[in-house]
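Listed below are the residues making up each chain.
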Amino acid sequence: MRILKNIVSRLHTYVLWALIAAVFWGFIFGIITDAPAEKKIVIFADALRCEEKDLDIELEKTKPDSIRLIRAHTFDYTMFDEAGLLNADIYLVPGSRAADYIESYSPLNPSRLPWKDAELWSWEGTAYGLKLQGALPYFDFGAEESDVYLFFGVNSVHTASLNGSADDAALQVAYDLSHLK
Amino acid sequence: MPLVKKRDRGYNEPMNERKDIYSAADIVRLEKRIIRVRSALLLSAAAVLAFCVLLCFRTNTANAERMEYTVIAVTVAAGWLLLYLRRFVLLETRWELGHAKMLHESEKEILRGTVTVSAEKLRILNSIPFRHVTVETEGKTRRVNVIEGKAAELERSGKELELFVANGYVAAFRKI
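The model shown is predicted, which means the values in this text are computed figures rather than measured ones.

**A few points about the overall build of chain B**
Piece 1. In terms of helices and strands, chain B carries 3 helices and 8 strands.
Piece 2. Reading the secondary structure of chain B in the N-to-C direction produces β-β-β-α-α-β-β-β-α-β-β.
Piece 3. Taken against the 2.2 N^0.38 rule, which gives 16 Å for 176 residues, the C-alpha radius of gyration of chain B at 24 Å runs more than 25% over that of a compact globule.
Piece 4. With respect to the principal axes defined by its C-alpha atoms, chain B has extents near 80 × 35 × 25 Å.
Piece 5. For chain B, long-range pairs separated by at least 24 residues make up 55% of all intrachain contacts whose partners lie at least 6 apart in sequence.
Piece 6. Carbon together with sulfur atoms contributes 57% to the accessible area of chain B, which is approximately 10500 Å² in total.
Piece 7. Distance between charge centres in chain B, computed from 30 positive and 21 negative side chains, equals 4 Å.

**Some words on the domain arrangement of chain A**
Piece 1. Per the domain assignment, the segments of chain A are domain 1 (1-33) and domain 2 (37-178).
Piece 2. On a C-alpha basis, the centroid separation for the pair domain 1 of chain A and domain 2 of chain A is 40 Å.

**Some remarks on helix α3 (residues 52-60) of chain A**
Residue and element names in this part refer to chain A.
Piece 1. All buried positions along α3 are accounted for by Leu55, Asp56, Leu59 and Glu60. Across the axial projection of α3, the buried residues extend over an arc of 125 degrees, all falling on one side.
Piece 2. On its buried side, α3 packs onto β1 (40-45), β2 (49-50), β3 (69-74), β7 (139-140) and α7 (169-178).

**Considerations on the interface of chain B and chain A**
Piece 1. With 25 residues of chain B at the interface, the matching set in chain A holds 22 residues.
Piece 2. Here chain B and chain A share an interface that buries about 2100 Å² over both sides, 70% of which is from carbon and sulfur atoms.
Piece 3. Counting every contact that joins chain B to chain A gives 7 residue pairs in polar contact (both at pLDDT 80 or more).
Piece 4. Put simply, the parts of the chain that give the side of chain B that touches chain A at least two residues each are α1 (24-57) and α2 (64-105) of chain B.
Piece 5. A per-element tally of the side of chain B that touches chain A places α2(B) first, with 15 residues.
Piece 6. Class assignment of the residues belonging to the side of chain B that touches chain A gives a composition of 15 nonpolar, 5 polar and 5 charged.

**Points about the packing of aromatic side chains**
Piece 1. Applying the stated rule across the entire model yields 14 aromatic pairs over all chains.
Piece 2. Look at Tyr91(A) and Tyr105(A): their rings are 5.6 Å apart centre to centre, the planes differ by 75 degrees, and that puts the pair in the edge-to-face class. Separated by 14 residues along the polypeptide, Tyr91(A) in strand β4 (residues 90-94) and Tyr105(A) in the loop between β4 and β5 (120-123) bring together distant segments of the chain.
Piece 3. Summarising the aromatic geometry, the rings of Tyr84(B) and Phe88(B) are spaced 4.9 Å apart at their centres and angled 40 degrees between planes, so their arrangement reads as tilted. Here Tyr84(B) pairs with Phe88(B), and both are found in helix α2, just 4 residues apart, close to one helical turn.
Piece 4. On the basis of relative accessibility, which here comes to 13%, the residue Phe88(B) falls in the buried class.

**Overview of the domain arrangement of chain B**
Residues and elements named next belong to chain B.
Piece 1. Structurally, chain B comprises domain 1 (25-104) and domain 2 (107-175).
Piece 2. Spacing between the C-alpha centres of domain 1 and domain 2 amounts to 36 Å.
Piece 3. Counting residues at the interface gives 9 residues for domain 1 and 13 residues for domain 2.
Piece 4. Summing both partners gives a buried area of about 870 Å² for domain 1 against domain 2, and 60% of it is carried by carbon and sulfur.
Piece 5. For the pair domain 1 and domain 2, the interface holds 1 salt bridge.

**Quick look at the pairing of β1(A)**
Residue and element names in this part refer to chain A.
Piece 1. Counting buried positions along β1 yields 6 of 6 residues, so the element is predominantly enclosed.
Piece 2. Neither face of β1 is left uncovered, since the one carrying Lys40, Val42 and Phe44 and the one carrying Ile41, Ile43 and Ala45 both have all their residues buried.
Piece 3. Where β1 and β3 come together, 6 bridges link them in parallel fashion. Directly across from Ile43, in β3, lies its bridge partner Ala72.
Piece 4. Pairing analysis gives 3 bridges linking β1 to β4, with the strands arranged parallel. Along β4, the bridge assignment pairs Ile43 with Ile90.

**Topic: the pattern of salt bridges**
Residue and element names in this part refer to chain A.
Piece 1. If you walk through the whole model with that rule in mind, you get 18 salt bridges over all chains.
Piece 2. The salt bridge partner of Arg71 is Asp56, with a shortest N-O separation of 3.7 Å. Highlighted residues: Arg71 in strand β3 and Asp56 in helix α3, separated in sequence by 15 residues. For the pair formed by Arg71 and Asp56, the shared burial category is buried.
Piece 3. Of the charged contacts in the structure, one is a salt bridge between Lys131 and Asp147, with a shortest N-O distance of 3.1 Å.

**Observations regarding the nonpolar core**
Side chains of nonpolar character tend, in soluble globular proteins, to be buried together.
Residues and elements named next belong to chain B.
Piece 1. Counting residues in each nonpolar core, the largest one holds 34 residues, and the members touching the most others are Ile21, Val133, Val144, Leu154 and Leu163.
Piece 2. Elements represented by at least two residues in this core include exactly α1, α2, β4 (109-123), β5 (129-137), β6 (140-147), α3 (148-156), β7 (160-166) and β8 (169-175).
Piece 3. When residues are assigned to domains, this core turns out to be shared by domain 1 (25-104) and domain 2 (107-175), each giving three or more.
Piece 4. Setting aside its immediate chain neighbours within four residues, Leu154 contacts Val117, Val133, Val146, Leu161, Leu163 and Phe173.

The rules we used
- Residues numbered from 1 in each chain as written.
- Chains lettered and ligands numbered in written order.
- Predicted model: local features only at pLDDT ≥ 70, side-chain atom pairs only at ≥ 80, totals over all residues.
- Heavy atoms only, no water.
- Helix = DSSP H or I, 4+ residues; strand = E, 2+ residues; numbered from the N terminus.
- Rg over C-alpha atoms; globule rule 2.2 N^0.38 Å.
- Contact = heavy atoms within 4.5 Å.
- Areas by Shrake-Rupley, 256 points an atom, 1.4 Å probe, with all protein chains shown as cover.
- Lys, Arg positive; Asp, Glu negative; His and termini not counted.
- Charge placed at Lys NZ, Arg CZ, Asp CG, Glu CD.
- Domains from an automatic or database assignment.
- Buried < 20%, exposed > 50% of the residue type's maximum accessible area, 1.4 Å probe, protein only.
- Arc of directions from axis to C-beta.
- Buried area = accessible area lost by both parts, 1.4 Å probe.
- Polar contact = N/O pair within 3.5 Å; in protein donor to acceptor, adjacent residues only side chain to side chain.
- Nonpolar A, V, L, I, M, F, W, Y, C, P; charged D, E, K, R; others polar.
- Phe/Tyr/Trp six-rings, centres within 6.5 Å; stacked < 30°, edge-to-face > 60°.
- Salt bridge = Lys/Arg side-chain N within 4 Å of Asp/Glu carboxyl O.
- Pairing = 2+ DSSP bridges.
- Core = buried A, V, L, I, M, F, W, Y, C linked by side-chain atoms within 4.5 Å.

In structure tokens:
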């Protein structure tokens, strides 16, 4: 009885500990389980909704060996983590908002891309993106957005064909992404 | 030839010899217990943390959510258990040690008379439990206290006792 009374009288301590543990692991878990940029592909989708976990799992089935993690984020996520927006490897943006992130895109060299006859998105005479054909599963860009474009990040370390970085993992993942059923 | 009384501990002790509530050996025993308990709590906390970090390294995209909830649940449960043990084992022992040292170091007042130990167990906030002891001598009544763990021993020693009292607590006693 004394023990129960004591626990009740110190309930605030037990509740506070639960809050501290949740906040602590909220940060630390993400840090420990995260991978460095060299082993991770970040996808930014300017979509209303995205089934991020299912998409990550699906893409990780065919990921290159050098990649440990694939992480898809929507705009909501990047409000809390700007790096997810600025340092994404792959951008999926509706045509109406494509110009909003122009500084984040890497110029394309269409001849070195695995997509043939893709419709390009250009800005001031330079090709930056390509139009994706058909509906993309796992994403909801909104009913009024019919055209979705694919871009590669200017800071990506996985676009060797575009900027001479370490590997072409982002291109491979983007190709798999564009062919998801 | 002093009177002797058979003790539970298996040795004989003269009944009219002064008996300290806490001997120097008891203080050492309490100090060692605090070190042992504190070490056990720290090691347990480190083991829980290590287990959680291990779970983090076993995480993949498919089980990430479940692992995060597991890690939080393990940390919360282990933390509650350690808080409980800290309060009911470590702090109790620390308070008892403080009390024992106080009894040893303080100046003692000597009271002689008929001793009655109350049945009611009392506890001041953040302190050890104790019982009231009433000493009647030459028509005067004095009330002192004895730590709960030693009250039964005091009761067993008889009614007519000489008490050595430090700061209102019985520090030692002797049968008259």
